[in-house]
Amino acid sequence: AQSVAQPEDQVNVAEGNPLTVKCTYSVSGNPYLFWYVQYPNRGLQFLLKYITGDNLVKGSYGFEAEFNKSQTSFHLKKPSALVSDSALYFCAVRPRMDSSYKLIFGSGTRLLVRP
Amino acid sequence: NAGVTQTPKFQVLKTGQSMTLQCAQDMNHEYMSWYRQDPGMGLRLIHYSVGAGITDQGEVPNGYNVSRSTTEDFPLRLLSAAPSQTSVYFCASSYSSAGSTDTQYFGPGTRLTVL
């Protein structure tokens, strides 16, 4: 079965420190990879995506993600966390050959940045 | 552009009642979809549409109907609400169904409680 794993329910980091939110996937066929962020009582906002090319993808709000094909991972990173980054982060994967174009989501990781 | 809009924001139903969740987008997107978000499970695809007049089932379609009479609108109907349908519902759209690399943009969500 195809799946996306976000092994940490919550990540705590101090403001100004680097952050990493982990994501691994079990989807065949070189899928497309996405990160979304959800603020309280809001919809999901797109952060970044990996389609092909450079393994390091840069996105919105200073976030970046590193694709590792051998480890089937797509970890989200930011060099210096802000309190305003506190939110729920979802990793999502789209199989290339799926005619529904569905996104397979991880269960989400809550990021808490303390002042 | 208003993007993807959803109404209502909140709804409480009794078991057996029916209702329609509204979704509209003003970006001329071909592809539209409905997801439900449950705690600890990420988002799961209910139904999707690759264009006006075309709909298909996602992962969890039971108890829901959709139609796509226009490009802009994609309503989700609950035929006979059940407590298991208590969830947050998100509508999403993307530019072209043929472009599986396209980013999906999400609406703000509808929080539904079935008593």
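Rules and cut-offs
Residues numbered from 1 in each chain as written. Chains lettered and ligands numbered in written order. Predicted model: local features only at pLDDT ≥ 70, side-chain atom pairs only at ≥ 80, totals over all residues. Heavy atoms only, no water. Helix = DSSP H or I, 4+ residues; strand = E, 2+ residues; numbered from the N terminus. Buried < 20%, exposed > 50% of the residue type's maximum accessible area, 1.4 Å probe, protein only. Salt bridge = Lys/Arg side-chain N within 4 Å of Asp/Glu carboxyl O.

Q: Give a detailed account of unusual backbone geometry, specifying residues and quantitative values.
A: With omega at -5°, the peptide bond leading from Thr7(B) into Pro8(B) counts as cis. By the secondary structure assignment, Pro8(B) is in the loop between strand E1 (4-7) and strand E2 (10-13). Of note in the backbone geometry, Asn30(A) takes a positive phi value of approximately 50° without being a glycine. Of note, Asn30(A) is situated in the loop between strand E4 (24-26) and strand E5 (32-38).

Q: Go over the environment of Pro61(B), please, and point to the residues and values.
A: Residues and elements named next belong to chain B. Assignment of secondary structure puts Pro61 in the loop between strand E6 (54-57) and strand E7 (64-66). Overall, Pro61 belongs to the buried group, its relative accessible area being 10%. Taking the C-alpha atoms as reference points, Pro61 and Trp34, separated by 27 residues in sequence, lie 9.8 Å from one another.

Q: For the pattern of salt bridges, give the residues involved together with the corresponding values.
A: A side chain of one charge can pair with a side chain of the opposite charge when the charged atoms of the two come close. Residues and elements named next belong to chain B. Summed over the entire model, instances satisfying the criterion amount to five salt bridges over all chains. Arg36 serves as the salt-bridge partner of Asp38, at 2.9 Å between the closest nitrogen and oxygen. The pair Asp38 / Arg36 is uniform in exposure class, with both members buried. One salt bridge connects Arg44 with Asp38, and the closest N-O pair in it is separated by 2.8 Å.

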